[in-house]
Amino acid sequence: MPDTPSEPGRVSAPEDSRLLSHVMFLAVVMGIANIANILFQIAMGRMLTREDYGVLMAMYGMLYILNVPGDILRTTLAHYSATHGAADVDTAVIAHMFKRVMRFIIQAMTPVVIGIILANALIVRYFQLEGSGPVYAVVGVCVASIVMTAFQGVLQGLQQFMWYGISVIFWFFGRLFFAVFLVWMGFRATGALVGMMLGAVIALFLPYFCLRKTIFMKSDVESGGFRTISSYAARVLVVYGAFMFIGNVDVMAAKHHFSPEMAGAFSQGALLAHMIWLLPFPIVLAMFPKVVQAHVRGQNPVPLLLKSLLMSVCIIFLVAFFVCWQSDLLFSVFFAQDHHPIQPFMTRFVMAMAPVSILFVLINYEMALERFKVSILMVLASLYLATLLFGVVENYAALLDKLMVTNWLLMVLTALMCLWHSRRASLEEK
């Protein structure tokens, strides 16, 4: 069973040797949630027209980038909670910081939401949308997801993986239910996006309600360090913002350069290819707080990285092989099409996304150790790939080749930087 505090108001100190058991638990949780995700994608792929599915996936890509603040807060609060957990600090300190962060989210998101609403006409025109509904729905999903992921960051840092898992399962099955119902009612891509928002709200409510007395209501202790946590969040912003852009620029570029029919077909292929770079997520969830605590306690975190990379590579290889080998079957199951136009490009697509998976592990390891020089590489790669949005992209192959070369080079350089940092830290200890 995943760790829970051994005493009310106190944070337990789980052993780093439990990495594998926590990864296995989170993998099961993600597996259950992915059943709902697969059902969601199958339902949307069959219930929506190809053009509407293209709209959904374009908004999906936009959502991943807009949700960067949520990933930043999740990572920051996980780091803060894990650091204080390693020092056996009362959870009242963490609760107080969480409430301050929630107030900050409300203040920071207000002008962003207003800005998106004001830019609504430009967004509709750029993505060739038929109306404003998807844009407004994306704003709602973004706000709900940011609050939910920030909350999950505390659970991750405290290694409350059981409640984390419950939250994830409620999120995925909630969005499946609401999205199918709303699309069935005739709300098309907008209904699917609103369903995602309602799923996030459900995912937040139950765990918070159950933990409010043991963790989130104990805020009578003043916590310092808000400036420190803000500084850490700002650096995470650069890394995660660049990473999410790199992982989702393809569907946005396709929606802009190709016809609605071609963009829709590309987005359907992206569903399978993007699944590759999300595979290490449960591994990263378990690894991150353990690396933070190992660093705080003066232990060597490198074995945690090596174990995480080994598990990630094995999973990525198996899934990538299956996607390339059985792409015809997958397109038939998801979209009821035996001969899909993107199918001949799937091996290239998978090869372009595979290095992003390893990159995800590496950047989280570096951020856990408060090392952010990797942001230089991430920003440079993002600037280079941004040319896909404004340059000339002739066909699928040209887009995927540019992604593949850039992502592999970025992964190799990041791995070398991580190795250099670890080697230097080892020499300094000696």
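Residues numbered from 1 in each chain as written. Predicted model: local features only at pLDDT ≥ 70, side-chain atom pairs only at ≥ 80, totals over all residues. Heavy atoms only, no water.

**A closer look at the pattern of salt bridges**
Under the defined criterion, the tally for this structure stands at two salt bridges. The partner of Glu366 in a salt bridge is Arg371, with the nearest N and O atoms 2.7 Å apart. The two residues Glu366 and Arg371 agree in class, both being buried. (Salt bridge = Lys/Arg side-chain N within 4 Å of Asp/Glu carboxyl O. Buried < 20%, exposed > 50% of the residue type's maximum accessible area, 1.4 Å probe, protein only.)

**Describing the confidence of the model for the protein**
Across the protein, the average pLDDT comes to 81, with 86% of residues at or above 70. Here helix H2 (residues 50-66) stands out as the least confident element of the protein, with mean pLDDT 70; helix H14 (residues 346-368) is the most confident, with 93. Across residues 4-15 the pLDDT falls below 50, and counting only partners more than four positions away or on other chains, this stretch makes 29 contacts in the model. (pLDDT = per-residue confidence, 0-100. Helix = DSSP H or I, 4+ residues; strand = E, 2+ residues; numbered from the N terminus. Contact = heavy atoms within 4.5 Å.)

**Here we look at H14**
End to end, H14 covers 34 Å across 23 residues, agreeing with the expected 33 Å (1.5 Å per residue, within 8%). Note on H14: the residue one or two positions beyond its end, Glu370, has a positive phi of about 60 degrees. (Expected span 1.5 Å × (residues − 1).)

**Quick notes on the side chain of Thr149**
Its place among the elements puts Thr149 in helix H6 (residues 133-157). On the basis of relative accessible area, Thr149 is assigned to the buried category, the value being 6%. Of the polar contacts made by the side chain of Thr149, one reaches the backbone oxygen of Ile146; its length is 3.1 Å. (Polar contact = N/O pair within 3.5 Å; in protein donor to acceptor, adjacent residues only side chain to side chain.)

**Overview of the packing of aromatic side chains**
For the structure shown, the criterion picks out 14 aromatic pairs. Taking the centre distance of 4.9 Å and the plane angle of 35 degrees together, the rings of Phe266 and Phe349 count as tilted. Of the two residues, Phe266 is situated in helix H10 (residues 260-277) and Phe349 in helix H14; the sequence distance between them amounts to 83 residues. Judged by its relative accessible area of 0%, Phe266 falls in the buried class. Overall, the relative accessible area of 0% leaves Phe349 in the buried class. In this structure an aromatic cluster arises from ring pairing among Phe258, Phe266, Phe345, Phe349 and Tyr396. (Phe/Tyr/Trp six-rings, centres within 6.5 Å; stacked < 30°, edge-to-face > 60°.)

**Structural notes on the packing of helix H12 (residues 302-325) against helix H13 (residues 327-335)**
The relative placement of two packed helices is expressed as an angle between their axes plus a distance between the axes. Taken N-terminus to C-terminus, the directions of H12 and H13 make an angle of 80 degrees; their axes are 5 Å apart at the nearest point. Classified by the angle their axes make, H12 and H13 are roughly perpendicular. Two secondary-structure elements touch here, H12 through Phe322, Val323, Cys324 and Trp325 and H13 through Ser327, Asp328 and Leu330. (Axes fitted to C-alpha atoms, helices over the stretch in contact; angles between N-to-C directions. Parallel < 35°, antiparallel > 145°, perpendicular 65-115°, else oblique.)

**Concerning the nonpolar core**
Nonpolar side chains in soluble globular proteins tend to be buried together. If you look at the biggest cluster of nonpolar residues, it comprises 144 residues, and the most contacted ones within it are Met44, Phe243, Phe266, Ile276, Met346, Phe349 and Met378. For Ile276, the residues in contact, after removing those within four places along its chain, are Ile316, Val319, Ala320, Val323, Val350, Met353, Ala354 and Ser357. (Core = buried A, V, L, I, M, F, W, Y, C linked by side-chain atoms within 4.5 Å.)

**Topic: a nonpolar patch on the surface**
A contiguous nonpolar surface patch, about 770 Å² in accessible area, is contributed by Phe317, Leu318, Phe321, Phe322, Trp325, Leu329 and Val333. Looking at the nonpolar patch, the elements that each hand over two or more residues are H12 and H13. A per-element tally of the nonpolar patch places H12 first, with five residues. Tracing the backbone through its elements, the reader meets Phe317 in helix H12. In this structure Phe317 comes out as exposed when scored by relative accessible area, which is 58%. (Patch = residues over 30% accessible without salt bridge, like charges linked within 9 Å, V, L, I, M, F, W, Y side chains within 5 Å. Areas by Shrake-Rupley, 256 points an atom, 1.4 Å probe, with all protein chains shown as cover.)

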